Protein chains: 2
Amino acid sequence: MKQRTLRVIPLGGLGEVGRNMMAYEYDDEILVVDTGIMFPENDMLGIDYIIPDMTYLKQNRAKVVGIAITHGHEDHIGAIHHVLEEIQAPIYATPLTIGLLEAKLARHGMASKADLHTVRAGESVQIGPFKVEFFHVCHSIPDGVGFGIETPAGLIVHSGDYKFDHTPVDNWPSDYAKLADFSQRGVLALFADSTNADRPGWTPSERVIDGAFDQVFSQATGRIIIASFASLVSRMQQVANAAQRYNRKVAFVGTSMLDNMRISRKLGYLDIPDDLMVSIEQARSLPARDVVIMCTGSQGEPSSILGRLSTGTNRLFDIVTGDTVVLSSRPIPGNEENVYRTINRLFQRGANVIYENIAPVHVSGHASQEEMKLLMHLVRPKYFVPIHGEIRHLKQHAILAETVGIPAENIAILENGQVLEFVDGEMHMGERVPTSYVFVDGTGVGDVSAEVMREREALSRDGIVLVNLRLARDNNRLLSEPEILSKGFVIAQDSDEIFNSARRKVTETVSRANGNLQKDVEESVGDYLYSETHRRPMIFVTVSRF
Amino acid sequence: MKQRTLRVIPLGGLGEVGRNMMAYEYDDEILVVDTGIMFPENDMLGIDYIIPDMTYLKQNRAKVVGIAITHGHEDHIGAIHHVLEEIQAPIYATPLTIGLLEAKLARHGMASKADLHTVRAGESVQIGPFKVEFFHVCHSIPDGVGFGIETPAGLIVHSGDYKFDHTPVDNWPSDYAKLADFSQRGVLALFADSTNADRPGWTPSERVIDGAFDQVFSQATGRIIIASFASLVSRMQQVANAAQRYNRKVAFVGTSMLDNMRISRKLGYLDIPDDLMVSIEQARSLPARDVVIMCTGSQGEPSSILGRLSTGTNRLFDIVTGDTVVLSSRPIPGNEENVYRTINRLFQRGANVIYENIAPVHVSGHASQEEMKLLMHLVRPKYFVPIHGEIRHLKQHAILAETVGIPAENIAILENGQVLEFVDGEMHMGERVPTSYVFVDGTGVGDVSAEVMREREALSRDGIVLVNLRLARDNNRLLSEPEILSKGFVIAQDSDEIFNSARRKVTETVSRANGNLQKDVEESVGDYLYSETHRRPMIFVTVSRF
């Protein structure tokens, strides 16, 4: 008889923030939860984004019976088109998430390839051996859910991204009743979001932003420009509501924000009367004090609307003195320099800039410590597994779990690829499956390896010096002076002396080389340049023989 | 008759954080205040640090009558050896700052070149037309001062870095009496530190850290390792005091920390009994619960002690399970990723890591908004100029000044190079003098230009592709297949197809080239590779003719 084993295989989002993907496997059937991307860190040079390592799924392609998505943020849906290139399986999500998935797949020409199924919060769907119950959670995008996953091995609760907001903008609180119901039925394991595990207390309600907006709107005498995430639909609602309260018209700008606004309005997640909205062209002809513009760029992305406004390169409108700019967001770690640079430039152009330090114009979408404890008390799981976070978040989340009485041996801190098994109601560590960074750069997926990254790093630090040798066919006689060129090393035209000496070193080295000529020249030029500059440019030697 | 004009020339630290340097000029005599460095931002690739642009000082070398230094932090003294290579002038500072300057100059073999003068807080010194009164301020290094600068044009107050700590570790509060005295005499202009201008409230006293340390020390069952800045002398005192309270011995580790500890002890700024201290070698032979180690690396610098501990590459000791690591610091903006990566790795190695989010183990050394207002009320200046900060800090500081009643037209927000003039008690904008980033990279100062930086940026993004052509002497006949190599572009061994096609493109282009062969090949290869990969590697074409 086959063992009744539930295997849990984290493929992304454990030990890092982003590219969330978890595989639940029972009896040769696999349910995938979420298909996210991760944004590159500052030293992942030239990379667009990172996707989960799907080696395990590719090896077990036939077993995948479904993909369930918790909500429409990029770190949960962003890799869907890469996944569908590897895996054929139906996708299950709530109406807004389906709407956002459709738009994304259409952009990648894959609309027809996907088998999308709408499941509303509160409903259930049977996916192979998994009965998946969608329960509503508050988050910084509407229609987010967590999953109760009933398996023959026991009931799993997968939180998704959540917070316990008692006064959410859409008046739809997290589904406490369902969580209590799970606990009545007995929960084998809780897998819960750890993003804010090192934040004490309780994340403020989205509603506090209304007060901050009131203050901004009542004081602004010119235009108001509010930047936020394109997916922060509830913030669009709050901006529209504030516009209405203060008799301004609102213009949404930017493709992604307009797309999300339209989808959310169509599906009823956004309630903005037609006559409150104007196009940016119309907005330009209205008096400044009658206008609010909402756009993207709150992370300081240079190519976003706000980024272009800060450098004076936006096409349809510019910053003028008297504008009030609100960054309704918080910098994602690693983006601080870009965000503050954007703020500084906006100040330079005459705007008054309001950001999180100045006024409470943003709150997090993730639970803080007290909410995390509440979730554990509501769900009362036997085992606890912190997910979504760096090691420090997972560790703190585990410490919190201990404080509410979950024994240390019932808590598993996993990293990507570490399989967890549940057999007869007991948790065990399983094997490790491959997981590595899969870099997406341009149209290439996975063709930037760690070594290519190290080369980019070396090139970025001290540049490159190129030595071109023309030698006789049969011996190491130089047919002409060695040619030396550089990029990113020094101001070449000011460095004749260094390059002349380097040429002499090369000539010398060539004349006495008897082993590997290229390597010898590389070393002697490298050593000489280091002695002169204390820099180690990459040295590249080409040899032509005639 | 010559106009009685005081000119103020900001050469660094305005519009940025770091490389603080201000020139006060009266009647052809110049007083320089501070000579700092700035740490590179993440996109200043390969740069060690940035120094002020000294073009103006070089052009007016003979006018410089003195250099006064407020305190011993790198952003105020770090460029002293570069300055002394350009300028000969006596240096004035308090005893500890002189001690730190001596050590730094000795490291650069310049000890004999400097003309150092000790001035104690509370004392004055006449430097040309400037009577400089040193007044004590609290900061995160002992013996910090601000300056009252009496000039024939009026009295200037230059705050230096300061906070109003009522219970500083060294029991030496900021000199309120002197500030009130200035105000009695009438202050023309206040130049004040803006670092924390967007932080509401009052910066907590250094003393609150004692409580946080008590909690850490009472709970730790193994070793305690505390990382902080090498210059944070008061933190060394607090660690030593806590060690004494909890019967542990303290070992300081790392050259810069040991140097600063010894100088501070010798000069009486640090009071640690001999028998409380052990060497790291002795510490290793003591029971874990009897030891505190204090080291550098709180900014996640990979080559620091804490950085090496996190990667298991430290020489004298390793992290073991049961260690408690405290990061007694806050990440400097831009360092977050490195700091959190270090924390994650320390957790992975079995340490419990305490950082700012978890417990109040650090406080800022800079005044917050309420202290800034207090300074203005104490000094009651006619004019106000925020210094030390990005535009956003300077702007917020200016807004604060308005709230305490300084008229907007009496507040000047300057950027580096914008000269300010005071004539007959009135402030005017003056001309602009050159200021640009002067990058220090290895032993090179200023030989990395904006263009070299752009090359590094391009190289880092998509790498480089090298095309080597061997052509006949008199026509464009290829003597052999074009050679194509790459670094940092794609995994070369997996990309035969791309490179084969690229070679064919090159051959084609060469055969029909009639203008600039190199440029044509560059373009055709670049276009082809972009169409295949959506990347734009730097293309480098060398031609050898025979």
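Residues numbered from 1 in each chain as written. Chains lettered and ligands numbered in written order. Predicted model: local features only at pLDDT ≥ 70, side-chain atom pairs only at ≥ 80, totals over all residues. Heavy atoms only, no water.

Threshold: UniProt positions are given in the numbering used here, feature names are shortened, and annotations may be inferred rather than shown by experiment.
An unreviewed UniProt entry annotates chain A as Ribonuclease J originating from Longilinea arvoryzae. UniProt lists a comment for chain A under the heading Subcellular location (unreviewed entry), and it reads "Cytoplasm".

## With respect to the interface of chain B and chain A
Interfaces are frequently sized by the accessible area removed from exposure as the parts join. The following threshold applies: Contact definition: two residues touch when any of their heavy atoms are within 4.5 Å. By buried area we mean how much accessible surface two parts lose on assembly, using a 1.4 Å probe and totalling the loss over both. Should a side-chain nitrogen of Lys or Arg be within 4 Å of a carboxyl oxygen of Asp or Glu, the pair is scored as a salt bridge. Each polar contact in these results corresponds to two N or O atoms within 3.5 Å; when the atoms are within protein, one needs to be able to donate a hydrogen and the other to accept it, and residues that are neighboring in sequence are counted only if both atoms are side-chain atoms. Put simply, DSSP marks the helices as runs of H or I at least four residues long and the strands as runs of E at least two long, and each gets a number from the N terminus on. We call Asp, Glu, Lys and Arg charged. Ala, Val, Leu, Ile, Met, Phe, Trp, Tyr, Cys and Pro are nonpolar, and the rest, Gly among them, are polar.
If you look at the interface, chain B gives 66 residues, while chain A gives 66 residues. Around 5800 Å² of area is buried between chain B and chain A when both sides are counted, 54% of it from carbon and sulfur atoms. Here Arg341 of chain B ties to Asp43 of chain A by a salt bridge, and the two come within 2.7 Å at their closest N and O atoms. Summed over the shared surface of chain B and chain A, the result is 42 residue pairs in polar contact (both at pLDDT 80 or more). Counting residues per element, the ones that place at least two in the side of chain B that touches chain A are α11 (336-348), α13 (391-403), α14 (450-462), β23 (464-471), β24 (483-487), α16 (517-533) and β25 (538-545) of chain B. Of the residues forming the side of chain B that touches chain A, the biggest block, eight residues, is contributed by α11 of chain B. When grouped by side-chain class, the residues that make up the side of chain B that touches chain A number 25 nonpolar, 20 polar and 21 charged.

## Things to note about the packing of helix α4 (residues 95-107) of chain B against helix α8 (residues 255-266) of chain B
Residue and element names in this part refer to chain B. To keep things clear, this is the line we draw: Lines fitted to C-alpha atoms define the axes, with helix axes restricted to the stretch in contact, and inter-axis angles between N-to-C directions lie between 0 and 180 degrees. Angular relationships are summarised with four words: roughly parallel below 35 degrees, roughly antiparallel beyond 145, roughly perpendicular across 65 to 115, and oblique for the angles in between. Handedness of each helix crossing follows the sense of rotation of the near helix against the far helix: counterclockwise by less than a right angle gives left-handed, clockwise gives right-handed.
Following both chains from N to C, one finds α4 and α8 inclined at 140°, their axes separated by 10 Å at the closest point. In terms of axis orientation, α4 runs oblique to α8. Here α4 runs over α8; the crossing is right-handed. Contacts between α4 and α8 involve Leu96, Gly99, Leu100, Ala103 and Arg107 on the former and, on the latter, Asp259, Asn260, Ile263 and Ser264. Split by residue class, the contact of α4 with α8 holds four nonpolar, three polar and two charged.

## Quick notes on the sheet that holds strand β1 (residues 5-12) of chain B
Residue and element names in this part refer to chain B. Which entries qualify depends on this criterion: Paired strands, in this sense, are two strands between which DSSP finds at least two bridges.
Read across the open sheet, the eight strands follow the order β7-β6-β5-β3-β2-β1-β19-β20; overall the sheet is mixed. The two strands at the open ends of the sheet, each matched to only one other strand, are β7 (116-118) and β20 (426-432). Neighbouring strand axes in the sheet, compared pairwise and without regard to direction, differ in orientation by 25° on average. Examined bridge by bridge, β1 and strand β2 (residues 21-26) share six bridges and lie antiparallel to one another. From the neighbouring strand, Ile9 faces β2, where its bridge partner is Ala23. Strand contacts of α4: β6 (91-93) and β7, with the helix running at about 160° to β7, the strand carrying the most contacts.

## Details of the packing of aromatic side chains
Residue and element names in this part refer to chain A. To be explicit about the condition: To pair, rings of Phe, Tyr and Trp, with the six-membered ring standing in for Trp, must have centres within 6.5 Å; the planes then decide the type, stacked if under 30 degrees apart, edge-to-face if over 60, and tilted in the middle. Classification of residues uses two cut-offs on accessible area relative to the type maximum, computed with a 1.4 Å probe and protein chains only: under 20% is buried, over 50% is exposed, and between them is partly exposed. Distance and angle both matter: a charge sits over a ring if NZ of Lys or CZ of Arg is within 6 Å of the ring centre and within 35 degrees of the ring normal.
The tally for this structure, following the rule as stated, stands at 22 aromatic pairs over all chains. Here the aromatic rings of Phe134 and Phe147 are separated by 4.7 Å at their centres, their planes lie at 65°, and the arrangement is edge-to-face. In this pair, Phe134 is assigned in strand β9 (residues 130-137) and Phe147 in strand β10 (residues 144-151), connecting sequence segments 13 residues apart. Side by side, Phe134 and Phe147 carry an identical accessibility label, which is buried. Counting every residue linked through ring pairs, the aromatic cluster contains Tyr162, Phe164 and Tyr176. Over the aromatic face of Tyr530 sits the side chain of Arg536, whose NZ or CZ is 4.0 Å from the ring centroid.

## Quick word on the sheet that holds strand β15 (residues 291-295) of chain B
All names here are of chain B. The sheet built from five strands is open, its strands ordered β14-β15-β13-β16-β17 with parallel pairing. Two strands in the sheet have a free side with no partner beyond their single neighbour: β14 (249-252) and β17 (352-354). Strand-to-strand, the axes of this sheet are offset by a mean angle of 20°, without reference to chain direction. Bridging between β14 and β15 involves four bridges; their strand directions are parallel.

## As for the domain arrangement of chain A
Residues and elements named next belong to chain A. Stated formally: Domain segmentation is taken from an automatic or database assignment of domains.
For chain A, the domain assignment lists domain 1 (5-201 + 364-445), domain 2 (208-354) and domain 3 (450-545). Computed over C-alpha atoms only, the centres of domain 1 and domain 2 are separated by 31 Å. Domain 1 puts 14 residues into the contact, and the matching count from domain 2 is 14 residues. Taking both sides of the interface into account, the surface hidden between domain 1 and domain 2 amounts to around 1100 Å²; carbon and sulfur atoms contribute 66%. If you sort the residues of domain 1 by the area they bury against domain 2, Leu96, Pro142 and Val169 come out on top, with a joint share of 37%. Our count for the contact surface shared by domain 1 and domain 2 stands at one salt bridge.

## Section: the relation of the copies chain B and chain A
Short version of the rule: Copy-to-copy superposition: least squares on the C-alpha atoms, limited to residues that have pLDDT of at least 70 in both copies.
In the superposition of chain B on chain A (RMSD 0.2 Å, axial shift 0.1 Å), the rotation amounts to 180°. On the angle and the small slide along the axis, the relation comes out as a two-fold axis. Within chain B, Ser460 of chain B has its C-alpha nearest the rotation axis, a separation of 2.4 Å. Taken together, the interface assignments show that 98% of the residues at the interface of chain B recur at the interface of chain A, consistent with an identical surface on both copies.

## What about a negative patch on the surface?
Selection criterion: Excluding any residue in a salt bridge, patches collect residues exceeding 30% relative accessible area, merging like charges within 9 Å and nonpolar Val, Leu, Ile, Met, Phe, Trp and Tyr side chains within 5 Å. All accessible areas in this document rest on Shrake-Rupley with a 1.4 Å probe, and a residue is counted as covered only by the protein chains that are shown. Positive charge is attributed to Lys and Arg, negative charge to Asp and Glu, and no charge count is given to His or to the chain ends. The location of each charge is read from NZ of Lys, CZ of Arg, CG of Asp or CD of Glu.
On the surface, a cluster of negative charge is contributed by Asp494, Asp496, Glu497 and Glu532 of chain A. Relative to the helices and strands, Asp494 of chain A is located in the loop between β24 (483-487) and α15 (496-512).

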